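Residue-level structure breakdown
If you want the building blocks of each chain, they are given just below.
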Amino acid sequence: MLEKEISELSPAEAAAELKRIAEEMAKADEAYYQNDDPYLTDAQYDALKRRNELIEKRFPELKLTDGPSVRIGAAVRSEFGKVKHKIPMLSLGDIFSEEELADFTAGINRFLGYETDTQITYSAEPKIDGLSFSARYEHGKFVKGATRGDGTTGEDITENLKVIKDLPLTIEADNIPEILEVRGEVYMSKADFLELNAQNEKEGKKLFANPRNAAAGSLRQLDANITKERKLSLFVYTWGDVSDIIWDSQSQFLEDVRQWGFKTNPYNRICHTTQALTDYFEYLMKERANLPYDIDGIVYKTDSLALQNRLGFLTRTPRWAIAHKFPAEQAFTKINNIRIQVGRTGALTPVADLEPVNVGGVIVSHATLHNEDEIRRKDIRIGDTVVIQRAGDVIPQVVEVVKEKRTPEAEEFDFPHICPMCGAHAIKEEDEAVRRCTGGLTCPAQAIERLKHFVSREAFDIEGLGAKIMEEFYHEGIIRTPADIFTLEERNKKLRDDLFAALDDGSIYLENREGWGKKSVENLFKAINERRDISLPRFIYALGIRQVGTATSRLIAKNYGSFANFRNDMIQGDTEKLLAIDGIGEAMANDIVEFFAEEHNIKTINELLQRIQVEDFIDETDYNSPIAGKTVVFTGTLEKMTRAEAKAKALSLGAKVAGSVSKNTDYVIVGADAGSKAAKAQELGVTILSEDEFTILAAQK
């Protein structure tokens, strides 16, 4: 489904878009990591990932608990043995511009409490387009090899790695750690790729789409003899489990492993300023065509290990490293038509139907025009020749109109004030760029999209009720409300029995639908019944409350404990506890209260609760910390760590970080110049800790 520009997304639309991207990327990861047969190009995948990151940046509270920002790779294939990574193999965040690079380096200085112009040394390394691997050595002997897998568990490729000439099987040096796990990338050179495909074509075998696919397919062979026949290479760029880290920087590690016989990229470079990183990016972008292997960007890492340790990690990516991707391509095409799509929240989004054109290896035939203001600002008309771009967004965008190619026949687009789906008025609020249908659940587009959201992966996750089925069931009157899902089996049985009694001809309900059968119906009912017990975060998210994504749903569940507690406070309009949650502001709180003020929403909830059981929230993480489960508030200027470091530390230990002090606050940590929050803590009798006292408490087990 095409969506509008990220800056124009409402929170509810952003939540729906994050869900859609997560589902698409999960399928793409399986195709890429498990099957070595991707159906998305690198540009398409990067665009999905990029859009997800930008939405999360604007709406951090909507971040999915198991979405692309958390999930890494895909589960291992059953044919391979499993290898548990003692230290997870994490992925990197992406940037696409000089401005984002400047933000990255400035963000590091800010997190560390340095002045903006403080120089930090970075290691800049070409980003090889291959397959990640880990190789474990014990007492200098290679003993185990694995793929990245899902970041936690990889596939055992020990025998396959043994046949790659670049990997030493024995390390003979006096200073190597007893346990050494190196990590890197297996790749196939451009020349070896062309040679392999030429041979395959000659023998009538399948041709590989690109060197990365060839490398992955060759390395993940069940028969290592096949891997041996393929010419694979590798570079080492980092480490995993090590018994004794004897280096103090990334550059020193690379020098050490080079001396131990491993190959490292000769284009690695040390840079001391943001400008030096930018200059290196420009150089390598021009040089990439001359390299013997494919690269798709540069990885920047804070060189100092001490600074890396201070900076730490986000959910699945290090704060101290980032991948700077090469820019996407643009193309010219013609707008044949402009049409309107209606989303779950009633948003009317204009979509351009284009003369199909190849953009960066992808055939593009549609592009989002975002909203009516954007159409007016760029003066986009039907029949115009336009520049299309796929960069930083999963949906192709119209960059600009080529005015000199405009013909007299080009038509201005009259944005509708009536919903094309239901005929209700479409209005535009003063503080929003989007025009919305006022039809609510009477509008088929909104009703269907809300039902899709209810059964989606992060919500009830009911297998068998995909988008197409939900549309069919809605239009045929089979499912019109969430509660209808849980009465479906009962209604199906009654109709089936009635038909048997009346006709005795074998006519049945779902089982008689085209493409269905007894087994598929049984599987559907089984999937539905397995969701009659639902976790509190999933249930809150499934309700489709505007601005409430999976991350916010979990925060609410963690702070309220039960749905009854949450519902009662919201019905009464009591938002004190809600507003104390770090990340929930007044606008979101108002949307939540307004949701519970709607009679039809309460009716939907009550009907559901008659058929399902919502479990109370249980935090299963064993934090083993005295502040786990406690609500903490930071105020004033901290001296030994930045506010960001302090919050990250508290969250990593299982604490709840709030933005304001209330009766539910357990600790207030005060720094220099603490103001009203410290005063309110004293007034409420909340425990006040200094920065040193908090550090001591956090270190206790």
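Residues numbered from 1 in each chain as written. Predicted model: local features only at pLDDT ≥ 70, side-chain atom pairs only at ≥ 80, totals over all residues. Heavy atoms only, no water.

Okay, the overall build of the protein chain next. Of the regular secondary structure elements, the protein chain holds 24 helices and 26 strands. Since a compact globule built from 701 residues should have a radius of gyration of about 27 Å, the 28 Å found for the protein chain is in line with a globular shape. Considering only C-alpha atoms, the protein chain reaches an extent of 80 × 75 × 65 Å along its principal axes. For the protein chain, with 701 residues in total, the buried portion stands at 52%. When contacts within the protein chain are restricted to residue pairs at least 6 apart in sequence, those whose partners lie at least 24 apart make up 69%. (Helix = DSSP H or I, 4+ residues; strand = E, 2+ residues; numbered from the N terminus. Rg over C-alpha atoms; globule rule 2.2 N^0.38 Å. Buried < 20%, exposed > 50% of the residue type's maximum accessible area, 1.4 Å probe, protein only. Contact = heavy atoms within 4.5 Å.)

Right, let's talk about the pairing of strand S26 (residues 687-690) for a bit. As judged from the 4 bridges shared by strand S25 (residues 667-670) and S26, these two strands associate in the parallel manner. Looking at the pairing, tyrosine 667 lines up with threonine 687 of S26. In this region the chain leaves S25, passes through helix H23 (residues 676-684) and returns to the parallel neighbour S26; the handedness of that crossover is right-handed. (Pairing = 2+ DSSP bridges. Right-handed = clockwise from strand over helix to strand, strands pointing away.)

All right, on to the sheet that holds strand S5 (residues 141-147) then. Sheet strands associate in pairs through backbone hydrogen bonding, adopting either a parallel or an antiparallel arrangement. If you trace the 4 strands from one edge of the open sheet to the other, you get S5-S4-S7-S8, paired in antiparallel fashion. Single-partner strands in this sheet number two, and they are S5 and strand S8 (233-242). Across the sheet, the mean angle separating the axes of adjacent strands is 30 degrees when strand polarity is ignored. The sheet contact formed by strand S4 (residues 131-138) and S5 spans 6 bridges and is antiparallel. Bridge pairing in S5 places tyrosine 137 opposite phenylalanine 142. (Axes fitted to C-alpha atoms, helices over the stretch in contact; angles between N-to-C directions.)

What follows deals with the nonpolar core. As a rule of thumb, nonpolar side chains are buried together in soluble globular proteins. If you look at the biggest cluster of nonpolar residues, it comprises 54 residues, and the most contacted ones within it are Leu465, Phe563, Ile592 and Phe596. Leaving out residues up to four positions away in the same chain, isoleucine 592 has contacts with Ile545, Val548, Ile556, Phe566, Met570 and Leu578. If you look at the next biggest cluster of nonpolar residues, it comprises 34 residues, including Leu161, Leu180, Met188 and Phe208. (Core = buried A, V, L, I, M, F, W, Y, C linked by side-chain atoms within 4.5 Å.)

Going through the model one piece at a time under the given rule, you end up with 25 aromatic pairs. Within the aromatic cluster, the residues linked to one another by ring pairs are Phe454, Phe460, Phe486, Phe539, Tyr560, Phe563, Phe566, Phe595 and Phe596. Sitting over the ring of tyrosine 560, lysine 577 keeps its end group 4.9 Å from the ring centre. (Phe/Tyr/Trp six-rings, centres within 6.5 Å; stacked < 30°, edge-to-face > 60°. Lys NZ or Arg CZ within 6 Å of the ring centre and 35° of its normal.)

Attention shifts here to helix H21 (residues 599-609). For H21, the set of buried residues is Asn601, Ile602, Ile605 and Leu608. Taken around the axis of H21, the buried residues stretch over an arc of 125 degrees, which confines them to a single face. Away from the buried face of H21 by more than 90 degrees, exposed residues Glu599 and Lys603 are located. (Arc of directions from axis to C-beta.)

Bringing the sheet that holds strand S2 (residues 94-95) into the picture now. Read from one edge to the other, the open sheet built from 5 strands follows the order S2-S11-S10-S3-S9, with strand pairing classed as mixed. Edge positions in the open sheet fall to S2 and strand S9 (269-271), since each of these has one partner strand only. Sheet topology note: the strand S3 (residues 122-128)/S9 ladder contains 3 bridges and is antiparallel. For serine 123, the partnering residue across the bridge sits in S9 and is isoleucine 270.

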